Amino acid sequence: MKCLLVSLLALVTTIAAAEPVQVAVSANFSSPLKQLVQRYHQQYPRADIQITVGSTGKLAAQIRQGAPYDIFLAADDRRPQELASEGLIEVGTVRTYAIGRLVLWSPQAGAVLDGSSLMAGRVTPVAMANARTAPYGEAAEAVLERFPLPDSVTLVQAENVAQSYHFAHSGAAEAAFVALSQVQDQGGRQWRIPEAFYPSIRQQGGVLRNTSAADHFYDFLFSGEAQEMIRSLGYRTDEVVDDVE
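Quick look at the structure, then. Being a predicted model, the structure only gives us computed values, none of them experimental.

Scanning the chain from terminus to terminus reveals 10 helices and 10 strands. Residue pairs in contact within the chain that sit at least 24 positions apart in sequence constitute 76% of those at least 6 positions apart. Carbon and sulfur atoms form 50% of the exposed surface of the chain, whose accessible area is close to 11200 Å².

Here it is in structure tokens:
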């Protein structure tokens, strides 16, 4: 029995270190993913997880153009399902790994941020991700339809939610629509926007290329340990499942 256990552990270690795993991840989840990779490395130190960050729309376009990714972690559920229907993602692997939460954030002290402050023009410039390629930008657009900005407010478009955060952090914008995960432990002001005000940011992933190493790391993301980490980093999740064996 002991020999069998040793053999299984050796097999898992070999699987996790078999070859590099290329992960394409939406900008909002890049920092959480790096923390998850660190945790994974504690268990599988020989694993090689390589990360490419971008907006969901641009990453999906790269996948259609043949980019050699193994795993796609999008910020929505539309692109993974579209790619699966096109035969570019393994259909049975499309799953929700996190549910994002939208925040209006400013690093500066001042009056309360909320919908009325937006409509009154008390916050300018305001940054948001491109709604055509970034789901957090699409969510921000829905909020602005409910709380329209006056003409006096300058709206700054970012390529993705990471750049939206950068605009506010650098002072190029007074406030920015960002993911809660980016700012939950930071100072300044923030409005945690009610989720009823924007389409659900259901972040799904999928496996593009089945390898033992890619499958093992992808399964890890849905382990109880990883899902607990994801919740602690500012997301909701659908499920808690058993740890990867």
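Another point: the sheet that holds strand β2 (residues 49–54). Taken together, five strands build an open sheet; the order of strands is β2-β1-β3-β10-β4 and the sheet is mixed. Two strands lie at the open edges of the sheet, namely β2 and β4 (95–100), each paired on one side alone. Neighbour to neighbour, the strand axes of the sheet diverge by 20 degrees on average, direction disregarded. Bridge count for β4 against strand β10 (residues 201–207) is five bridges, and the pairing is antiparallel. Looking at the pairing, R95 lines up with G205 of β10.

The geometry of an aromatic ring pair comes down to the distance between the two centres and the angle between the two planes. In this structure the tally under the stated criterion is 10 aromatic pairs. Ring pairs connect the aromatic residues Y40, Y44, F217 and F220, which therefore count as one cluster. Sitting over the face of the ring of F222, R95 holds its NZ or CZ atom 3.9 Å from the ring centroid.

Put simply, side chains in a regular strand alternate between the two faces of the sheet. Side chains of strand β9 (residues 189–192) alternate between two faces, with R189 and W191 buried and Q190 and R192 left unburied. Where strand β5 (residues 102–106) meets β9, four bridges bridge the pair, whose relative direction is antiparallel. Bridge pairing links S106 to R189 in β9.

Moving on, we come to the packing of helix α3 (residues 56–64) against helix α4 (residues 78–85). Contact geometry of α3 with α4 gives a least axis separation of 10 Å together with a crossing angle of 10 degrees. Between α3 and α4, the angle is such that the two are roughly parallel. Relative to α4, α3 is oriented so that their crossing is right-handed. Contacts between α3 and α4 pair T56, G57, A60, I63 and R64 from the former with R79, E82 and L83 from the latter. Partitioning the contact of α3 with α4 into residue classes produces three nonpolar, two polar and three charged.

This part covers the pairing of strand β8 (residues 175–179). Within β8, five of the five residues are buried, which leaves it mostly tucked inside the rest of the structure. Neither face of β8 is open: one carries A175, F177 and A179, the other A176 and V178, and all of them are buried. Sheet topology places β5 next to β8; four bridges connect them, and they run antiparallel. In the strand pairing of β8, L102 is matched with A179. Where strand β6 (residues 126–129) lies against β8, two bridges are found, and the strand directions are parallel. Following the sheet pairing, A127 is matched in β8 by A176.

Here we take up unusual backbone geometry. Peptide bonds are mostly trans, and most non-glycine residues show a negative phi. P125 follows T124 through a cis peptide bond whose omega is -10 degrees. Position of P125 relative to the elements: it lies in the loop between α5 (115–119) and β6.

For the coordinates displayed, the defined rule picks out 11 salt bridges. Between E82 and R64 there is a salt bridge; the shortest N-O distance is 3.4 Å. On the criterion of sequence distance, the pair formed by E82 in helix α4 and R64 in helix α3 is long-range, its members being 18 residues apart. For E82, a relative accessible area of 27% puts it in the partly exposed group. Given a relative accessible area of 40%, R64 falls into the partly exposed group. Between D76 and R79 there is a salt bridge, with the nearest N and O atoms lying 2.6 Å from each other. Note on D76: relative accessible area 8%, which makes it buried. The network of salt bridges with common partners includes R64, R78, E82 and E86.

Criteria and cut-off values
Note that residues are indexed from 1 along each chain, following the sequence as it is written. Under the rules for a predicted model, residues below a pLDDT of 70 receive no local features and side-chain atom pairs below 80 are neither given nor counted, while totals for whole chains, interfaces and linings still include all residues. Just so you know, side-chain values use all the structure's heavy atoms and leave hydrogens and water out. Every helix listed is a DSSP run of H or I at least four residues long, and every strand listed is a run of E at least two residues long, numbered separately from the N terminus. It only takes one pair of heavy atoms within 4.5 Å for two residues to be counted as in contact. Here, Shrake-Rupley sampling with a 1.4 Å probe gives the accessible areas, and only protein chains in the shown set may cover a residue. Any two strands are treated as partners once DSSP identifies two or more bridges connecting them. Axis geometry follows a simple rule: fit a line to the C-alpha atoms, using only the stretch in contact for helices, then measure angles between N-to-C directions, giving values from 0 to 180 degrees. Put simply, two rings from Phe, Tyr or Trp (the six-membered ring, in Trp's case) pair if the centres are within 6.5 Å, and we call them stacked under 30 degrees between planes, edge-to-face over 60, tilted for the rest. In this scheme, the term charge over a ring applies when either NZ of a lysine or CZ of an arginine sits within 6 Å of the ring centre and within 35 degrees of the ring normal. Three exposure classes are used, based on accessible area relative to the maximum for each residue type with a 1.4 Å probe and protein chains only: buried under 20%, partly exposed in between, and exposed over 50%. Any angle that is under 35 degrees is reported as roughly parallel, and any over 145 degrees as roughly antiparallel; angles of 65 to 115 degrees are reported as roughly perpendicular and all others as oblique. Left-handed describes a crossing whose near helix is turned anticlockwise from the far helix through less than a right angle; right-handed describes the clockwise counterpart. Note on residue classes: Ala, Val, Leu, Ile, Met, Phe, Trp, Tyr, Cys and Pro are nonpolar, Asp, Glu, Lys and Arg are charged, and everything else, Gly too, is polar. By definition here, a salt bridge exists when the distance from a side-chain nitrogen of Lys or Arg to a carboxyl oxygen of Asp or Glu is within 4 Å.

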